[in-house]
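# Analysis of the macromolecular model
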Amino acid sequence: CRCALPQPRAAANRVQEDFEAADYTTGQMLRRFTFWRAFLCIIFLAAMGNTVISFAKDLSLSVGASAALSTTLVGVLAVCNGLGRRRTMLLANGAAILAALVTLLSVAVHSVPLCVAGLCITGISYGACPTISSAFTSSFYGAKYFSLNFSVMNFNLTGASFVATAASVLLTQTGGYAAPLVLLLVLAVAALALNLSIKRP
């Protein structure tokens with residue numbers, strides 16, 4: 001008799017949220033864990049820029065920059081903010097982590113060049129957030145309800161403002177920028193973990 005070799009079985013599909021090419025209402029979007037992962041991820045990314053912008057001038061002065069340069073750096077941060085709008089979500093996440101590290105290092109060693117670099121990278125990361133929100137909402141939840149869905153997604157800026165408030169409290173309590181920047185670094189790393197967990201539809 002002939003012995004037949006067992007046929008390989010098709011690999012079982014991993015358990016994950018099912019996405020179809022469809023238009024999702026806002027209610028349907030809000031019931032998906034993927035939305036909340038992305039929402040938190042963008043909050044943490046936006047928090048870096050939102051917070052650093054609020055104390056960019058004083059931060060620059062604290063590391064030894066002149067008053068004129070400190071004022072100029074606020075404008076430079078805004079320019080870099082515009083440049084960031086063509087970057088992807090993952091690159092923006094990497095930029096947020098790098099920005100927190102470089103800015104934290106500039107405070108630790110009182111380096112003006114590192115401060116300049118940190119603020120520029122912060123602007124690039126922060127500038128990517130609106131485009132990330134728009135692209136994510138459109139690609140995952142369709143065009144039909146995009147306006148309302150995107151409006152809901154933009155509430156991430158409210159969450160980012162709460163982080164900026166918490167960082168301001170840390171700054172007041174500790175008297176230095178190290179603690180707020182460590183907080184931002186932790187959130188940027190958490191954003192990366194959330195980012196990597198998001199599956200494409």
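Quick note: structure is the one above.
A quick note: this is a predicted structure, and the numbers were derived from the prediction, not measured.

## As for the overall build of the chain
The number of helices and strands found in the chain is eight helices and zero strands. Along the chain, from the amino end to the carboxyl end, the secondary structure elements read α-α-α-α-α-α-α-α. The buried share of the chain, reckoned over its 201 residues, is 43%. Residue pairs at least 24 apart in sequence account for 76% of intrachain contacts in the chain once pairs closer than 6 positions are excluded. Split by element, the accessible area of the chain, about 10900 Å² in all, is 65% carbon and sulfur.

## Quick word on the packing of aromatic side chains
As enumerated under the stated definition, the model contains nine aromatic pairs in all. Ring geometry for tyrosine 24 and tyrosine 141: centres 5.8 Å apart, planes at 90°, overall edge-to-face. Here tyrosine 141 lies in helix α5 (residues 112-141) and tyrosine 24 lies in the segment before α1 (26-30), a separation of 117 residues in the sequence. Neither tyrosine 24 nor tyrosine 141 differs from the other in exposure class; each is buried. An aromatic cluster of at least three residues, connected via ring pairs, comprises Tyr24, Phe136, Phe140 and Tyr141.

## A word on the environment of alanine 95
Structurally, the position occupied by alanine 95 is in helix α4 (residues 89-109). On the accessibility criterion, alanine 95 (12% relative accessible area) is buried. Alanine 95 has contacts with Ile121 and Ser125, leaving out every residue within four places of it along the chain.

## Details of helix α6 (residues 146-153)
Burial in α6 covers these residues: Asn149, Val152 and Met153. The arc that holds the buried residues of α6, viewed along the axis, is 100°, so those residues lie on one side. Opposite its buried face, α6 presents the exposed residues Ser147 and Leu148, each directed more than 90 degrees away. Check the buried side of α6 and you find it contacts α1, α2 (33-62), α5 and α7 (156-174).

## Some thoughts on unusual backbone geometry
Phi at histidine 110 takes a positive value of approximately 55°, unusual for a residue other than glycine. Mapped onto the elements, histidine 110 comes out in the loop between α4 and α5.

Criteria and cut-off values
- Residues numbered from 1 in each chain as written.
- Predicted model: local features only at pLDDT ≥ 70, side-chain atom pairs only at ≥ 80, totals over all residues.
- Heavy atoms only, no water.
- Helix = DSSP H or I, 4+ residues; strand = E, 2+ residues; numbered from the N terminus.
- Buried < 20%, exposed > 50% of the residue type's maximum accessible area, 1.4 Å probe, protein only.
- Contact = heavy atoms within 4.5 Å.
- Areas by Shrake-Rupley, 256 points an atom, 1.4 Å probe, with all protein chains shown as cover.
- Phe/Tyr/Trp six-rings, centres within 6.5 Å; stacked < 30°, edge-to-face > 60°.
- Arc of directions from axis to C-beta.

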